[in-house]
Amino acid sequence: MIIQLEPGCTENQLRVIRASVEAAGYQHNDVTTQSGHYLVCIGTGDFDIRNIGTLAGIQDIHRVSDAQKLVSAKWKVGHTEISIADGVRIGNGHFQIMAGPCSIESAEQISEVAGHLKAHDVRIMRGGVFKPRTSPYSFRGLGIEGLKVFSDICRAEGICIITEVMQSDQIAAMYPYVDIFQVGARNMQNYNLLDALGEVDTPVLLKRGISGTIKELLYSAEYIFSGGNERIMLCERGIRTFEPAYRNTLDLNGVALLKEKTHLPVVVDPSHGIGIRRFVGQMTLAGVAAGADGVILEVHPRPDQAASDAQQTLGFDAASAIYRKSRALREVLAS
């Protein structure tokens, strides 16, 4: 059960509401976010929720049987819309393309990609400055100084940035420069990091772990939401299966299911999802057809020279065609 409290709910009213919840045999957990104050109530007792819903200080009350209550679609009317910055919105009918290199390498590279994105009205640039790499000897990013350059160039062009945060102690230093924090697949169940991201108001793109189930992904999102941050996007980026012919198996079943089970926007990462450049366009369109609210693509001015993920990274010409086809397909599906 979720109780939405009125903005002006007094402490006395809240005390009565809590006592009524406890009398019904439920435990309650206070959650205060950017958008509201909730009581998330856990229990199995059967009672008429109108007995509580009519109490002073309550805006609405909802029965939610899902274990992941706050991210469940069962209590929200419609889907969540997240405003990023400067009119950039995603979810609830708003589709976004995010594109850029796997790793930020130099100011020149950032400028080239930003110019390309601006020319194609792509408003969000991706790029990693802290890179989790399988080998400790691989390029691991330019760190906070690289992030500052990334932010300065993109903001001058009116482009938002999304970049990966790997540790909770990085958040404060990154916060002034980041429009969307990305939680990578390896950190989907880093609960200390998820708790810390619940304490900021910056949107979060939460990627599904390589062996993570849909239920586990939703639990991870619940950590962030219950910590106070409602501005969450879920990302299907492929899971590890027994098939070695491609990097990952892009679970489009999961996209459709998530659109039913949660009110949060769902993004598809076809670059990691298949890991083979020549198939990224097809899987992008498949993700759009499955109902994704956005796609995130790896794009580089010279993809074969990319410091990381070269084999799945698109050049500018191929990326431009995918932007056009994705938007066209989205319009057809929306008509």
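You'll find the structure just up there.
What counts, and at which threshold
Residues numbered from 1 in each chain as written. Predicted model: local features only at pLDDT ≥ 70, side-chain atom pairs only at ≥ 80, totals over all residues. Heavy atoms only, no water. Helix = DSSP H or I, 4+ residues; strand = E, 2+ residues; numbered from the N terminus. Rg over C-alpha atoms; globule rule 2.2 N^0.38 Å. Buried < 20%, exposed > 50% of the residue type's maximum accessible area, 1.4 Å probe, protein only. Contact = heavy atoms within 4.5 Å. Areas by Shrake-Rupley, 256 points an atom, 1.4 Å probe, with all protein chains shown as cover. Lys, Arg positive; Asp, Glu negative; His and termini not counted. Charge placed at Lys NZ, Arg CZ, Asp CG, Glu CD. Axes fitted to C-alpha atoms, helices over the stretch in contact; angles between N-to-C directions. Parallel < 35°, antiparallel > 145°, perpendicular 65-115°, else oblique. Left-handed = near helix turned anticlockwise from the far one by under 90°. Nonpolar A, V, L, I, M, F, W, Y, C, P; charged D, E, K, R; others polar.

Visitor: Help me out: how do you make sense of the overall build of the protein chain in this one?
Guide: From N to C terminus, the protein chain includes 11 helices and 14 strands. Relative to a compact globule of 335 residues, whose C-alpha radius of gyration would be 20 Å, the protein chain shows 21 Å and is just as compact. Projecting the C-alpha coordinates of the protein chain onto the three principal axes gives extents of approximately 65 × 40 × 35 Å. Going through the 335 residues of the protein chain one by one, you find that 53% of them count as buried. At a minimum sequence separation of 6, the contacts of the protein chain that also span at least 24 residues come to 67%. For the protein chain, the accessible area works out to roughly 14,400 Å², and carbon and sulfur atoms hold 49% of it. One finds the centroid of the 33 positive side-chain charges in the protein chain at a distance of 4 Å from the centroid of its 37 negative side-chain charges.

Visitor: Where do I start with the packing of helix H3 (residues 107–119) against helix H4 (residues 143–156) in this structure?
Guide: Angle between the axes and distance between the axes are the two parameters that describe a pair of packed helices. Put simply, H3 and H4 touch, their axes get as near as 10 Å, and they point 30° apart. By the angle between their directions, the pair H3 and H4 is classed as roughly parallel. For H3 against H4, the interelement crossing comes out right-handed. Of the residues in H4, those in contact with Ala107, Ile110, Ser111 and Ala114 of H3 are Val149, Phe150, Ile153 and Cys154. Residue composition of the contact of H3 with H4, grouped by class: 7 nonpolar, 1 polar and no charged.

Visitor: Looking at this model, I keep getting lost on the environment of His116. Mind explaining?
Guide: Within the secondary structure layout, His116 lies in helix H3. The class of His116 is buried, set by a relative accessible area of 7%. His116 has contacts with Val299, Phe316, Ala319, Ser320 and Tyr323, leaving out every residue within four places of it along the chain.

Note that every value here comes from positions in space, so none of it alone points to a role or purpose.
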